[in-house]
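The primary structure of each chain is shown beneath.
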Amino acid sequence: MESLKSSFLYSSPFINPPPKTRKLKKPLPPTILCCLKPDPWTLSSGNPKNLDKPKPKSKNQKNPLSDDNARRIIKAKAQYLSVLRRNQGSRAQTPKWIKRTPEQMVQYLEDDRNGHLYGRHVVAAVKRVRSTSALRDGEYDMREVMSSFVAKLTFREMCVVLKEQKSWRQVRDFFAWMKLQLSYRPSVIVYTIVLRAYGQAGKIKLGEDTFLEMLEAGCEPDEVACGTMLCSYARWGRHKAMLSFYSAVLERGIMPSAAVFNFMLSSLQKRALHSDVVYVWRTMLDRGVAPNHFTYTVVISSLVKGGMADEALKTFNEMISAGFVPEESTYSLLINMSSKNGDVNKALNFYEDMKFLGIVPSNFTCASLLALYYRTADYSKACSLFTEMERYGVIADEVIYGLMIRIYGKLGLYEDAQKTFLEIERSGKLSDEKTYTTMAQVHLSFRNFEKALDVMEKMKSNNVSYTRFSYIVLLKCYIVKGDLASAEVAFEALSGTGIPDVLSCKDMLNLYIRLGLSERAKTFIAQIRKDRIEFDEELFMTAVKVYCKGGMVREVEQLIEELSASETFLSVPFVQIFFMAMNGQYGKWFEPLDPSGYVAVEMMLTLFLATRNEKKMKEKLVILLKTKNGESVANKMISKFSKEGDVLTAEYLYELMIELGCGIEDAAKASMISLYGKQKKLKQARKVFADVEGSATNENVIYSSMIDAYIACGREEDAYLFYKEQTMKGHKFGPVSISVLVKALTSYGKYCKEAAEVIHNSFSENLELDTVAYNTCIKAMLEAGKLRFAVSIYERMLSLNISPSIQTYNTMISVYGRGRNLDKAVEIFNMAQRTGVALDEKTYTNMICHYGKAGNVHEASALFSKMQEEGIKPGQMSYNIMMNVYAGSGLHHEAEQLLLSMRKNGCSPDSRTYLAVIRACTEKSRYSEAEEKITLMHKEGISLSCAHFNLLISAFAKAGLIGEADRIYRKIISTGLRPDVESKRIMLRGYLDFGHVEEGTRFFERECSTVGPDRFILSAAVCFYRSTGDELEADEILNSMKKLGVAFLNNVEVGSKIKIT
């Protein structure tokens, strides 16, 4: 480019004019050849504009061809054109003959081209020059190579030879030889051929030298030569030189063609030089060059990527007006742009236009639309897009799968999100960290931090690099888990990627506060202050909370001073109120308190209370309490400190407010009573109650708190007496107090009578109880065994038009089920279904349990299946209850199938599950299968108990297989367990029933010496000793039984099963 500066870029168009200016002819269009065989005739420049138009008659009629060969050639040509049209279809461009004179035809035949485009000597020259490509540079001399062609090639033929060369070296050397020939004359055409060859090979410097030589030779460059040079610059990414050359071309009044503009625009866009694309585009329009479809596509893409949305839309409309149909990529970019700019309607209109034109959306388009629907929470349209993707055959990529996981997570479709993630993993498309982090976030939203950590660990094991966002998600996982050590490591890794974000700092600080690590929280705040992390309002509030609780006045002042430099931060209401309260300026900010103002005053009170021993701070506290808003906030803080169990601070604030004569609200007094109750300080609770009794405006709160205090101190009887005393005085308790009292009286089965009396009194006084209170009363009577009273409570509830809840129906199913009234239980269940109450797993399981107890296995199984059809996934308890139903009827095959189904649905069987399966196997004498289940439990690490072995021991003992029973008994010991009393009873029962006296005696002496006064074991031992004739030992055991108050079992008999047989 340096070589062109003085001669072309900085010269006027007419400094060095050529000797003769001539108008350049338009380049001929390419010749169309038949695909079947080479064209044996020379063709003209192409079709006429209108093939149907009749030929005009010439003024000077040419003589008809007399040569027979000419006629033969004409007929052969007609046949050739016919074949050409058939093979090229309806849109074939059929060339026409060039008219020749008889003399020209004779010359044509003498040339003997034999169907070649050029003569034999031209073809030979092309081959001769090409043959030098096998030689290195300098190993040949072009003058020697072409010596036999001197004075044999015309200028035009030399141009043909030059054009046919494939290597830039041959072009360079032949052009040098060509300039030595007498027929050579400087022409822009020959220089253009050389420029094209250099441009294709990337020899830009040689191209620039050649262009300079062309100017020095007096050849004025035309649009083809300049376009060739521009395309060379564009092809090899020399954009700066290209734009400089382009400016010079425009100054000389030369206008490149649309194809050259397209080449330039495409090259600039590939390097993301969108501003230069726009510049070239605008000059193109200013100079009147008509853009084509490709031009619009490239320009719109650059306008979108360059952030010029309005101009992109304007250009798009111009493209439509010009009659061009945009490509899918253009629509995709516009949809994405509109989506990011929040113009939802425009994005959707573009998509509708695509569908109208029958354009199939790409993955990128679908991903943009899904992201739009996700941001606007339009999940129904997202689901419909999934359907359209299937119809169009669009194969989802990882980005779309990731968006699907997000949408499923937002819709609460946790299982679908997990299935989608597994589908990506199986398909081998899982490679992007965004997909991993998205799935981890969905797990976190469902509080499943373990699976979220598994996903992040899987990401690490698959060598997917952690980004900054990955560390943020990993930190969140550890914070939700409460793993402080791992959270600190993750935070350190996040800090390594740059300054941590504010949200991560807030989460980390809240973790320290949640774990009660106030000192580490203070250290953390000091660190983020040192790192110059910009505080937002929430982080500032959290930091101030830590400082205020610790009484760190100086640190609070320093933090406010650091942040006061930001005017934006000082305009936050919380900061303003806190700052003014610190300086004792209780002005207009203390009129009506908004939530942030309330928090600011609360923090100030916390700080003053933490530093109450300092005289200055106590004075500020007193002043603040004397304000109206300070008094209101202090009342709420008494309740807050009471809930947190901070007795000292709550007591101090309560007593200080009494001392200052501040108004204390009933809620604050009630919270103090409850606090004293939790601290087992019933005397202080009674004192507070005595102070407020008779003056309270909200008596229900006070009386309820006193009942809570009695119950918290374990004085349920005193709570009942207090209730009775106050009702005699005419006070009426609310539904909450009744619920709490009734529940407490029946908790340990001590005061069921008193609980029933409370319920009766409430009914007799026509207290308005809510659904929760009725549910508590029904459940209390169920636990007390007063089933009829429970039914009467339910009937009263219905008579008063109080709507039952799912808990009501569930409790009533239990009431009727325990009373063996299965029909009524079924009636309640059906009623719950009819009323439209959403039945939960607990209700279904409860009904299944009572079906099982009644022996209705078929109904229980059908209801279990129906529960799953309703979309309720059975939990471990539901599976165990259904397993017990099968076990009770000895349906071991069904139990086995249920166990397989349980595992398939992702529910792990526990010890109770296997207990039911073993029970089902032993009921049908499937001893080996039962033993296999015990072995399987041991392998899977599921806790074994004696109960599992006892079922098998009992089955063997009842069948008379005492040896097998003894083997299983010893297996208990080998697994590390100690046989319980029931195991020993079963073994002794087996020895006793089948008359194994000696083995039974030895077993008793070996295993039962440490057993306490068990009636059956001792009675069996007496029978064994009597059977062996050892009356002395038998009498000794009988005497010890009498001393211990244990009666002998008279129905115990040796060999009872043998006698029956």
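Quantities reported herein were computed from a predicted structural model and do not represent experimental measurements.

Tallying secondary structure elements over the chain gives 58 helices and zero strands in all. Relative to its 1061 residues, the chain shows a buried fraction of 47%. When contacts within the chain are restricted to residue pairs at least 6 apart in sequence, long-range pairs at least 24 apart make up 63% of them.

This brings us to the packing of helix α48 (residues 876-888) against helix α49 (residues 892-904). In the contact formed by α48 and α49, the axes pass within 9 Å of each other and the chain directions differ by 170°. The orientation of α48 relative to α49 falls into the category roughly antiparallel. Taken as a pair, α48 and α49 cross one another with a handedness that is right-handed. Of the residues in α49, those touching α48 at Q876, Y879, N880, M882, M883 and Y886 are E894, A895, L898, L899, S901 and M902. A class-by-class count of the residues in the contact of α48 with α49 yields eight nonpolar, three polar and one charged.

This brings us to the packing of aromatic side chains. One pass over the full model with this rule turns up 33 aromatic pairs. Ring centres of F1004 and Y1025 lie 6.3 Å apart, and the angle between their planes is 85°; this geometry places the pair in the edge-to-face category. Of this pair, F1004 sits in helix α55 (residues 997-1007) while Y1025 sits in helix α56 (residues 1015-1027), placing them 21 residues apart in sequence. Exposure class is identical for F1004 and Y1025. Each is buried. Pairwise contacts between aromatic rings join F689, Y703, Y710, F722, Y723 and F733 into one cluster. Positioned over the ring face of Y392 is R391, at 5.2 Å from the centre of the ring. Over the ring of F1048 we find R1026, and its NZ or CZ is 5.7 Å from the ring centre.

Okay, the confidence of the model for the chain next. Per-residue pLDDT for the chain has a mean of 82; in total, 86% of the residues score no lower than 70. Residue range residues 10-55 is modelled with pLDDT below 50. Its contacts to residues more than four positions away, or to other chains, number 58 contacts.

With that out of the way, let us pick up the nonpolar core. Counting residues in hydrophobic clusters, the biggest one holds 319 residues, and the most contacted among them are M146, M178 and F578. Considering each element in turn, this core owes the most residues, nine residues, to α56. Setting aside its immediate chain neighbours within four residues, M146 contacts A125, R128, V129, L153, F174 and W177.

In a regular helix each residue adds 1.5 Å, so 13 residues correspond to 18 Å; helix α44 (residues 806-818) covers 18 Å between its end C-alpha atoms and thus fits that length. In terms of residue burial, α44 counts as a mostly covered element, since 11 of its 13 residues are buried. The set of residues buried in α44 consists of I806, T808, Y809, N810, T811, M812, I813, S814, V815, Y816 and G817. The inward-facing, buried residues of α44 contact α42 (771-783), α43 (787-799), α45 (822-834) and α46 (841-853). At the exit of α44 stands R820, carrying a positive phi of roughly 60°.

Where like charges cluster on the molecular surface, the negative patch consists of E1005, D1030, E1031 and D1035. Take E1005: it is sitting in helix α55. Residue E1005 is classed as partly exposed on the basis of its relative accessible area, which comes to 48%.

This part takes up unusual backbone geometry. At A272, a position not held by glycine, the phi torsion is positive, near 60°. Checked against the element boundaries, A272 lands in the loop between α12 (258-270) and α13 (274-286). At N801, a position not held by glycine, the phi torsion is positive, near 60°.

This part takes up the pattern of salt bridges. A full pass over the atoms with the stated rule returns 35 salt bridges. Note that E827 is salt-bridged to K824, the shortest N-O span being 3.8 Å. Of this pair, E827 and K824 are both found in helix α45, three residues apart, which corresponds to roughly one turn of the helix. With a relative accessible area of 33%, K824 lands in the partly exposed category. Where E982 meets R985, a salt bridge forms, and the shortest distance between an N and an O atom there is 3.5 Å. Here E982 and its partner R985 are both found in helix α54 (residues 981-993), three residues apart, which amounts to about one turn of the helix.

The topology assignment puts N846 in helix α46. The residues touching N846, leaving out its near neighbours within four places in the chain, are N810, I813 and S814.

To describe two helices that pack against each other, one gives the angle between their axes and the distance between the axes. Here helix α14 (residues 293-305) crosses helix α16 (residues 328-340) at 20°, and the two axes come no closer than 10 Å. Judged by the inter-axis angle, α14 sits roughly parallel to α16. Considering only the axes of α14 and α16, their crossing is left-handed. For the pair α14 and α16, the contacting residues are T297, I300, S301, V304 and K305 in the first and S329, T330, L333, L334 and M337 in the second. In the contact of α14 with α16, the residues fall into five nonpolar, four polar and one charged.

Our focus in this paragraph is the environment of R985. Using a relative accessible area of 32% as the deciding quantity, one classes R985 as partly exposed. Sequence separation of R985 and A1020 is 35 residues, and the distance between their C-alpha atoms is 9.1 Å.

Relative to the elements of secondary structure, N1050 occurs in the loop between α57 (1031-1044) and α58 (1056-1060). Separated by 31 residues in the primary sequence, N1050 and S1019 have C-alpha atoms spaced 8.3 Å apart.

Looking now at a nonpolar patch on the surface. A surface patch of nonpolar side chains, about 340 Å² in accessible area, is lined by V325, F356 and L357. Within the secondary structure, F356 is located in helix α17 (residues 344-357).

Taking 1.5 Å of rise per residue, 13 residues should cover 18 Å, and helix α10 (residues 223-235) covers 18 Å from first to last C-alpha, within 8% of that figure. The buried fraction of α10 is high, at 10 of 13 residues. Listed in full, the buried residues belonging to α10 are A225, C226, G227, T228, M229, L230, C231, S232, Y233 and A234.

Reading guide: rules and limits
- Residues numbered from 1 in each chain as written.
- Predicted model: local features only at pLDDT ≥ 70, side-chain atom pairs only at ≥ 80, totals over all residues.
- Heavy atoms only, no water.
- Helix = DSSP H or I, 4+ residues; strand = E, 2+ residues; numbered from the N terminus.
- Buried < 20%, exposed > 50% of the residue type's maximum accessible area, 1.4 Å probe, protein only.
- Contact = heavy atoms within 4.5 Å.
- Axes fitted to C-alpha atoms, helices over the stretch in contact; angles between N-to-C directions.
- Parallel < 35°, antiparallel > 145°, perpendicular 65-115°, else oblique.
- Left-handed = near helix turned anticlockwise from the far one by under 90°.
- Nonpolar A, V, L, I, M, F, W, Y, C, P; charged D, E, K, R; others polar.
- Phe/Tyr/Trp six-rings, centres within 6.5 Å; stacked < 30°, edge-to-face > 60°.
- Lys NZ or Arg CZ within 6 Å of the ring centre and 35° of its normal.
- pLDDT = per-residue confidence, 0-100.
- Core = buried A, V, L, I, M, F, W, Y, C linked by side-chain atoms within 4.5 Å.
- Expected span 1.5 Å × (residues − 1).
- Patch = residues over 30% accessible without salt bridge, like charges linked within 9 Å, V, L, I, M, F, W, Y side chains within 5 Å.
- Areas by Shrake-Rupley, 256 points an atom, 1.4 Å probe, with all protein chains shown as cover.
- Salt bridge = Lys/Arg side-chain N within 4 Å of Asp/Glu carboxyl O.
- Lys, Arg positive; Asp, Glu negative; His and termini not counted.
- Charge placed at Lys NZ, Arg CZ, Asp CG, Glu CD.

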